[in-house]
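# Residue-level structure breakdown
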Amino acid sequence: MHPVFVELFARPVGWLLIGGTLIMVGIGIGVPLFIRYRERVERAAAERAPKR
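Residues numbered from 1 in each chain as written. Predicted model: local features only at pLDDT ≥ 70, side-chain atom pairs only at ≥ 80, totals over all residues. Heavy atoms only, no water.

## Quick look at the overall build of the protein chain
What counts here: Helix and strand labels come from DSSP, where a helix needs a run of H or I of at least four residues and a strand needs a run of E of at least two; each type is numbered from the N terminus. Exposed residues in this analysis have more than 50% of their type's maximum accessible area, buried residues have under 20%, and partly exposed residues fall in between, with area computed by a 1.4 Å probe over protein chains only. Here, Shrake-Rupley sampling with a 1.4 Å probe gives the accessible areas, and only protein chains in the shown set may cover a residue. Only four residue types enter the charge count, namely Lys and Arg as positive and Asp and Glu as negative; His and the chain termini do not. Note that the charge is assigned to NZ on lysines, CZ on arginines, CG on aspartates and CD on glutamates.
The secondary structure content of the protein chain amounts to two helices and zero strands. A principal-axis box enclosing the C-alpha atoms of the protein chain has dimensions of 70 × 15 × 10 Å. Out of the 52 residues in the protein chain, the part that is buried amounts to 2%. Roughly 4,900 Å² of accessible area belongs to the protein chain as shown, and the carbon and sulfur atoms make up 70% of that amount. Each charge class in the protein chain was averaged separately, 8 positive and 4 negative side chains, and the resulting centres sit 7 Å apart.

Printed below as a string of structure tokens:
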């Protein structure tokens with residue numbers, strides 16, 4: 001097997017690298033999606049609320 005694949009898949013450090021990368025990418029995608037979702041919910045709540 002290629003030495004890079006050995007480092008990534010056969011050693012614990014490689015699994016930590018893969019997991020950490022997936023977590024960072026997930027946070028980078030998840031946070032903006034969550035912010036957009038909350039803005040939509042708050043906008044809908046503001047439109048439903050009685051105006052003074």
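## Quick word on the UniProt feature "transmembrane region" (unreviewed entry) in the protein chain
Filter applied, for reference: UniProt positions are given in the numbering used here, feature names are shortened, and annotations may be inferred rather than shown by experiment.
Residues given the UniProt feature "transmembrane region" (unreviewed entry) here are residues 12-35. Taken end to end, residues 12-35 is 100% helix and 0% strand, and its two terminal C-alpha atoms sit 34 Å from one another.

## Describing the packing of aromatic side chains
What counts here: Any two rings among Phe, Tyr and Trp, with Trp reduced to its six-membered ring, count as a pair given centres within 6.5 Å; such a pair is stacked if its planes are under 30 degrees apart, edge-to-face if over 60, and tilted if neither.
In this structure the tally under the stated criterion is two aromatic pairs. With 6.1 Å between their ring centres and 25° between their planes, Phe5 and Phe9 make a pair best called stacked. Of this pair, Phe5 and Phe9 are both found in helix H1 (residues 3-9), four residues apart, which corresponds to roughly one turn of the helix. Residue classification places Phe9 among the partly exposed positions, given a relative accessible area of 41%. Members of the aromatic cluster, joined through ring pairs, are Phe5, Phe9 and Trp15.

## Focus on the pattern of salt bridges
Selection rule: For this analysis, a salt bridge means a side-chain nitrogen from Lys or Arg found within 4 Å of a carboxyl oxygen belonging to Asp or Glu.
The final tally for this structure, using the stated rule, is one salt bridge. Across the pair Arg38 and Glu42 runs a salt bridge whose closest N-O atoms are separated by 3.9 Å. Taken as a pair, Arg38 and Glu42 lie in helix H2 (residues 12-48) at a separation of four residues, close to a single helical turn.

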